Amino acid sequence: MRETAGKWLASAVRVLRAGGLAAAGLGVVAFLFSFVANGLSWPDGLDWARKLLLLVGALMLITGGCGLFVSGRDRPDGTVTPHQDDTFRAFWHEVGMPWGAAVSVAAVSFLVLGTLVDLLYLLLTR
């Protein structure tokens, strides 16, 4: 039991780290694009970054939840349709958790970073 929990925790930390890097990259790109497009306006850059991070985080949470909702359905038996998808099985072995759970955990990184950028935006625009 302890070994299984340790594996899941290590997988969750790895997914959170990857999600945080992806969220930071998306936030920086959105900020720079808006900063330059709006005449070097940093409030507009922060506004775009926070909106995009929160939107992508919410969409990831919905997608991951739907993936968890339908992941337990059985496939019809037959030679044409295999019982398990090779891609999802390979993802599970590589990451250590099903893709729906991984997307849901990574969404936390996007939502946390979006909230931090939102707080920074509110603090600096007062």
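The structure displayed is predicted, hence computed values, not measured ones. (Residues numbered from 1 in each chain as written. Predicted model: local features only at pLDDT ≥ 70, side-chain atom pairs only at ≥ 80, totals over all residues. Heavy atoms only, no water.)

### What about the overall build of the protein chain?
A count of helical and extended segments in the protein chain gives 4 helices and 0 strands. What you see in the protein chain, going N to C, is helices and strands ordered as α-α-α-α. Here the protein chain holds 126 residues, and 26% of them are scored as buried. Long-range pairs, those at least 24 residues apart, make up 71% of the contacts in the protein chain between residues at least 6 apart in sequence. (Helix = DSSP H or I, 4+ residues; strand = E, 2+ residues; numbered from the N terminus. Buried < 20%, exposed > 50% of the residue type's maximum accessible area, 1.4 Å probe, protein only. Contact = heavy atoms within 4.5 Å.)

### Things to note about the environment of Val-112
Within the secondary structure, Val-112 sits in helix 4 (residues 99-124). Separated by 55 residues in the primary sequence, Val-112 and Gly-57 have C-alpha atoms spaced 8.8 Å apart.

### Overview of the packing of aromatic side chains
Enumeration over the complete set of coordinates arrives at 3 aromatic pairs. Between Trp-8 and Trp-92, the ring centres sit 6.5 Å apart and the planes meet at 80°, which makes this aromatic pair edge-to-face. Of the two residues, Trp-8 sits in helix 1 (residues 2-37) while Trp-92 sits in helix 3 (residues 86-95), which places them 84 residues apart along the sequence. For Trp-92, a relative accessible area of 41% gives the class partly exposed. Ring geometry for Phe-33 and Trp-48: centres 5.7 Å apart, planes at 50°, overall tilted. Taken together, the residues span a long stretch of sequence, with Phe-33 in helix 1 and Trp-48 in helix 2 (residues 42-70) at a distance of 15 residues. Given a relative accessible area of 43%, Trp-48 falls into the partly exposed group. (Phe/Tyr/Trp six-rings, centres within 6.5 Å; stacked < 30°, edge-to-face > 60°.)

### Some points on the environment of Val-103
Within the element layout of this structure, Val-103 appears in helix 4. For the pair Val-103 and Gly-57, spaced 46 residues apart in the sequence, the C-alpha separation amounts to 9.5 Å. Apart from the residues lying within four places of it in its own chain, the contact partners of Val-103 are Met-60 and Gly-64.

### Looking at a nonpolar patch on the surface
On the surface, Leu-16, Val-108, Val-112, Leu-116, Leu-119 and Leu-122 cluster together into a nonpolar patch covering about 500 Å² of accessible area. The element contributing the most residues to the nonpolar patch is helix 4, with 5 residues. Assignment of secondary structure puts Leu-116 in helix 4. Its relative accessible area of 49% is what places Leu-116 among the partly exposed residues. (Patch = residues over 30% accessible without salt bridge, like charges linked within 9 Å, V, L, I, M, F, W, Y side chains within 5 Å. Areas by Shrake-Rupley, 256 points an atom, 1.4 Å probe, with all protein chains shown as cover. Salt bridge = Lys/Arg side-chain N within 4 Å of Asp/Glu carboxyl O.)

### So, the confidence of the model for the protein chain
Atom-level detail of predicted coordinates should not be read off regions where pLDDT is low. Across the protein chain, pLDDT averages 89, with 89% of residues at or above 70. The spread of mean pLDDT over the elements of the protein chain runs between helix 3, the lowest at 81, and helix 4, the highest at 95. (pLDDT = per-residue confidence, 0-100.)

### Observations concerning the packing of helix 2 against helix 4
Between helix 2 and helix 4, the shortest axis-to-axis distance is 7 Å and the interhelical angle comes to 160°. Relative to helix 4, helix 2 is oriented roughly antiparallel. Crossing angle aside, the handedness with which helix 2 passes helix 4 is left-handed. When grouped by side-chain class, the residues that make up the contact of helix 2 with helix 4 number 23 nonpolar, 9 polar and 3 charged. (Axes fitted to C-alpha atoms, helices over the stretch in contact; angles between N-to-C directions. Parallel < 35°, antiparallel > 145°, perpendicular 65-115°, else oblique. Left-handed = near helix turned anticlockwise from the far one by under 90°. Nonpolar A, V, L, I, M, F, W, Y, C, P; charged D, E, K, R; others polar.)

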